[in-house]
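Spelled out from the first residue to the last, the chains are:
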Amino acid sequence: MLDKQSPIPIYIQIEEQLKQQIQQGDFLVGTAIPSERELTEYFGVSRMTVRQSVTNLVNEGLLYREKGRGTFVASPKVEQPLNGLTSFTEDMLARGMAPSNKIIGFEIVKPDADVVTALQLVDGEKVYFIERIRFADDKTMAIERTYLPVARFPGLHRDLLQGSLYAMIENNQQLKISHATQRMEAGLVKKEDAELLQIDVPAAILMIERISYLDGDVPFELVRSTYRADRYKFTTEIKR
Ligand code: 16G
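Residues numbered from 1 in each chain as written. Predicted model: local features only at pLDDT ≥ 70, side-chain atom pairs only at ≥ 80, totals over all residues. Heavy atoms only, no water.

A. Highlighting the overall build of the chain. The helix and strand tally for the chain stands at seven helices and 10 strands. Summarising its shape, the C-alpha atoms of the chain cover approximately 70 × 45 × 35 Å along the three principal directions. Partitioning the contacts of the chain with sequence separation of at least 6, the portion at a separation of at least 24 is 59%. A total of about 13900 Å² of accessible surface is found on the chain, and carbon and sulfur atoms cover 50% of it. The distance from the centre of the 30 positive side-chain charges to the centre of the 34 negative ones in the chain is 3 Å. (Helix = DSSP H or I, 4+ residues; strand = E, 2+ residues; numbered from the N terminus. Contact = heavy atoms within 4.5 Å. Areas by Shrake-Rupley, 256 points an atom, 1.4 Å probe, with all protein chains shown as cover. Lys, Arg positive; Asp, Glu negative; His and termini not counted. Charge placed at Lys NZ, Arg CZ, Asp CG, Glu CD.)

Here it is in structure tokens:
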């Protein structure tokens, strides 16, 4: 099972084996993996080595610990391609998951200078500021803070955002969403966001800022999102 002659450190070999067992379904999502003592005996290594491997898998988001109860297999992360301009609702439905929203803020505000620049607003133009918690199968995935120009969506109200924003724009408003620019960086969750996402601190997050455009290069949304790093894995296809 373990190759003590290999240049690959033993703790990595153990990580790889546990990963494989999770992927094969030997350990099911939500069930406990064997205890440290059992793994120590099974692999014939020190408890410290086993702990190192398990901690690494916890940090990677494959496992999670519950105090006094043990270490459990986490749900697999959602693999999100970065190539297409899709909505959260479309992304979750495509995976057979049920999307839902909780709108925690809906206001008309005077935008900051960076919002004015991103949305190419004229002086004095107001924006909607919408805060939504996004869920898939009732589990928190992300918080999205969206700015939309009021002039482009006059009369928008909270109820119209219970479902998909993009569906509302394309179906109700008959506008054509064309492209977006996106930036992504890693960080640690803020205390307030951890509460909204129902996660313990410290936790890794991915911060994504998207500016989306309608046909004709007209910016219509600036979104700042906080994605749970334990729930997401981003993929992209690259060519040479
Ligand atoms: C995605 C977009 C967000 C967009 C939302 C619309 C990223 C980082 N964000 O979550 O910009 O507003 O989809 O989703 O991908 P909806 O149509 O389901 O409301």
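From this point on, the discussion continues.
B. Layout of the packing of helix 2 (residues 36-43) against helix 3 (residues 47-60). Between helix 2 and helix 3, the least distance of the axes is 9 Å, while the angle of their chain directions is 115 degrees. Our classification of the angle between helix 2 and helix 3 gives roughly perpendicular. For the crossing formed where helix 2 meets helix 3, the hand is right-handed. Contact with helix 2, carried on its side by E36, R37, L39 and T40, involves R47, V50, R51 and V54 of helix 3 and no other residues of that element. (Axes fitted to C-alpha atoms, helices over the stretch in contact; angles between N-to-C directions. Parallel < 35°, antiparallel > 145°, perpendicular 65-115°, else oblique. Left-handed = near helix turned anticlockwise from the far one by under 90°.)

C. Highlighting the packing of helix 1 (residues 10-24) against helix 3. Helix 3 packs onto helix 1 with a crossing angle of 55 degrees between their chain directions and a minimal axis gap of 9 Å. By the angle class used here, helix 1 and helix 3 are oblique. The chirality of how helix 1 crosses helix 3 is right-handed. On the side of helix 1, the interface is formed by I10, Y11, I14, E15, L18 and K19, while helix 3 contributes T49, Q52, S53, V54, N56, L57 and E60.

D. Examining the environment of P219 more closely. Along the polypeptide, P219 turns up in strand 9 (residues 218-228). Separated by 101 residues in sequence, P219 and A118 place their C-alpha atoms 7.5 Å apart.

E. View of the side chain of T226. Locating T226 in the fold gives a position in strand 9. Excluding residues that lie within four positions of it along the chain, T226 makes contacts with M141, A142, I143, R145, D193, L197, I205 and L206.

F. Local environment of the layout of surface pockets. Roughly 750 Å³ of internal volume is contained in the largest pocket. Taken together, 26 residues form the lining of the largest pocket, with V58, L63, Y64, R228 and D230 sitting closest to its centre. Listing elements by their share of the lining of the largest pocket, those giving two or more residues are helix 3 and strand 1 (63-66). For the lining of the largest pocket, the element with the highest residue contribution is strand 1, accounting for four residues. Grouping the amino acids of the lining of the largest pocket by side-chain chemistry returns 11 nonpolar, five polar and 10 charged. Estimates place the volume of the second largest pocket at around 420 Å³. Lining of the second largest pocket is provided by 30 residues; of these, T86, E144, Q182, R210 and Y227 occupy positions nearest its centre. For the lining of the second largest pocket, the leading source of residues is strand 9, giving four residues. Its residues assigned to classes, the lining of the second largest pocket comprises 12 nonpolar, 11 polar and seven charged. (1 Å grid on protein atoms, 1.4 Å probe; cavity = no way out; pocket = protein on both sides within 12 Å on 5 of 7 lines; lining within 4 Å. Points joined across faces, edges and corners; volume = space filled by probe spheres on them. Nonpolar A, V, L, I, M, F, W, Y, C, P; charged D, E, K, R; others polar.)

G. Broad picture of the site of the ligand. Around the ligand, the surrounding shell holds 15 residues, and the nearest of these are T89, E144, S164, L165 and R210. A distance of 2.4 Å is found between an oxygen atom of the ligand and a side-chain nitrogen or oxygen belonging to T89. Isolated, the ligand exposes 460 Å² of accessible area, and the fraction of that covered by the protein chains is 97%. Given that more than half its atoms are within 2 Å of the pocket grid, the ligand belongs to the second largest pocket. Looking at the shell around the ligand element by element, the count peaks at three residues for strand 9. The residue inventory of the shell around the ligand, partitioned by class, reads six nonpolar, four polar and five charged. (Near = heavy atom within 4 Å. Polar contact = N/O pair within 3.5 Å; in protein donor to acceptor, adjacent residues only side chain to side chain. Sits in = over half its atoms within 2 Å of the grid points.)

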